[in-house]
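# Descriptive structure summary
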Amino acid sequence: MLFRSSFALSGYDYRSCWDGDNGLYAVSKGSGLGSTINVMHFNQQGEPTWPSSVDVTNGGGQLGFGGNLSLLKDDEFNFYCVWDGNNGKILAAKVDSGGNAIWPVSPKQVADIASTQHDVDAFLAGGKIYACWSDGRDAGQISLYVQRMDTSGAYEWSDDGVFAGVENLYSQHQLALSDSNSIVVAFKAQNAHD
């Protein structure tokens, strides 16, 4: 299918996510720290279905873009964005298929902890949002933590996340769902050799 649209979505960097129903969510963000993240829904004819784009960062700044981001959708065609916030937190927002922000506090912190967090990886499966990030709460190391949230934004694991391991300073991590419906975090351990 060829997809064309003449709608202008402000921003510098663009991403997209299938909506699960012959359309897509297009996401744009600025080029700097703290920039807004805007989402628009398009139907299969390439026409916008909302009157205007939705800023999931609620104005950017401290809640704006600060690093990685993951775009997710659920079985009811709702859109989720999980990103490294410019405030050193992992943030998430939900927008329904009609273009309405859903969670009462949006964006929502993925973990309720004062430490600095970054490098999020996230996916949605079985009506659950899974996120993994690098966390600075443990002195002298970069710890990996994971969280599971339901689609209403409620934590299902410890409010501050669950410890998954200690990673090497210069490595990345990846989160995946196993065939037994448990999650797998792949990363290079702190003391691992090349």
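In what follows, the structure referred to is the one given above.
Figured I'd write up the structure that's included with this text.

Parameters and conventions
- Residues numbered from 1 in each chain as written.
- Predicted model: local features only at pLDDT ≥ 70, side-chain atom pairs only at ≥ 80, totals over all residues.
- Heavy atoms only, no water.
- Pairing = 2+ DSSP bridges.
- Helix = DSSP H or I, 4+ residues; strand = E, 2+ residues; numbered from the N terminus.
- Buried < 20%, exposed > 50% of the residue type's maximum accessible area, 1.4 Å probe, protein only.
- Salt bridge = Lys/Arg side-chain N within 4 Å of Asp/Glu carboxyl O.
- Contact = heavy atoms within 4.5 Å.
- Phe/Tyr/Trp six-rings, centres within 6.5 Å; stacked < 30°, edge-to-face > 60°.
- Lys NZ or Arg CZ within 6 Å of the ring centre and 35° of its normal.
- Disulfide = S-S within 2.5 Å.

## A look at the sheet that holds strand 4 (residues 54-55)
Here 4 strands make up an open sheet; going across it, the order is 1-2-3-4 and the pairing antiparallel. Both outer strands of the open sheet, strand 1 (13-18) and strand 4, are each paired with one neighbouring strand and no more. As paired strands, strand 3 (residues 37-42) and strand 4 are joined by 2 bridges and run antiparallel to one another. Bridge pairing in strand 4 links Asn38 to Asp55.

## Concerning the sheet that holds strand 7 (residues 90-95)
Here we have 4 strands laid out as an open sheet, ordered 5-6-7-8, and antiparallel in their pairing. In this open sheet, the two strands that pair with only one neighbour each are strand 5 (65-73) and strand 8 (108-109). As paired strands, strand 7 and strand 8 are joined by 2 bridges and run antiparallel to one another. Along strand 8, the bridge assignment pairs Leu91 with Gln109.

## What about unusual backbone geometry?
The residue Asn22 is not glycine, and still its phi comes out positive at about 65°. Since its relative accessible area comes to 44%, Asn22 is described here as partly exposed. Unusually for a residue other than glycine, Phe77 sits at a positive phi of about 70°. Take Phe77: it is sitting in the loop between strand 5 and strand 6 (79-85).

## Some details on the pattern of salt bridges
Counted by the stated rule, this structure contains 6 salt bridges. Close ionic contact of Lys128 with Glu156 constitutes a salt bridge, the shortest N to O distance being 2.7 Å. Of this pair, Lys128 sits in strand 10 (residues 128-135) while Glu156 is found in the loop between strand 11 (142-150) and strand 12 (162-167), placing the two residues 28 residues apart along the sequence. Among the residues examined, Glu156 registers a relative accessible area of 28% and is labelled partly exposed. The closest approach of N and O atoms between Asp135 and Arg137, which form a salt bridge, is 2.9 Å.

## Some words on the side chain of His173
For His173, the location among the structural elements is in strand 13 (residues 173-177). What His173 contacts, discounting residues up to four positions off in sequence, is Asp119, Asp121, Cys132, Trp133, Ser134, Leu144, Glu167, Ala186 and Phe187.

## Comments concerning the environment of Gly59
Structurally, Gly59 can be placed in the loop between strand 4 and strand 5. On the accessibility criterion, Gly59 (52% relative accessible area) is exposed. C-alpha separation for the pair Gly59 and Ser35, spaced 24 residues apart in sequence, amounts to 8.2 Å.

## Describing the packing of aromatic side chains
Taken as a whole and judged by the stated rule, the model has 6 aromatic pairs. Their ring planes at 70° and their centres at 5.7 Å tell us that Tyr145 and Phe163 sit as a pair that is edge-to-face. On the criterion of sequence distance, the pair formed by Tyr145 in strand 11 and Phe163 in strand 12 is long-range, its members being 18 residues apart. Among the residues examined, Tyr145 registers a relative accessible area of 8% and is labelled buried. The lysine or arginine in question, Lys29, covers the ring of Phe65, its NZ or CZ lying 4.0 Å from the ring centre.

## Some remarks on the state of the cysteines
Under the counting rule described, the total for this entry stands at 0 disulfides. With no disulfide of its own, Cys17 has Cys81 as its nearest cysteine by sulfur position, at a separation of 9.5 Å. For Cys17, a relative accessible area of 10% gives the class buried. Cys81 provides the cysteine sulfur closest to Cys132, a residue in no disulfide bond, and the two sulfurs are 17 Å apart. Accessibility expressed as a relative area gives 0% for Cys132, which makes it buried.

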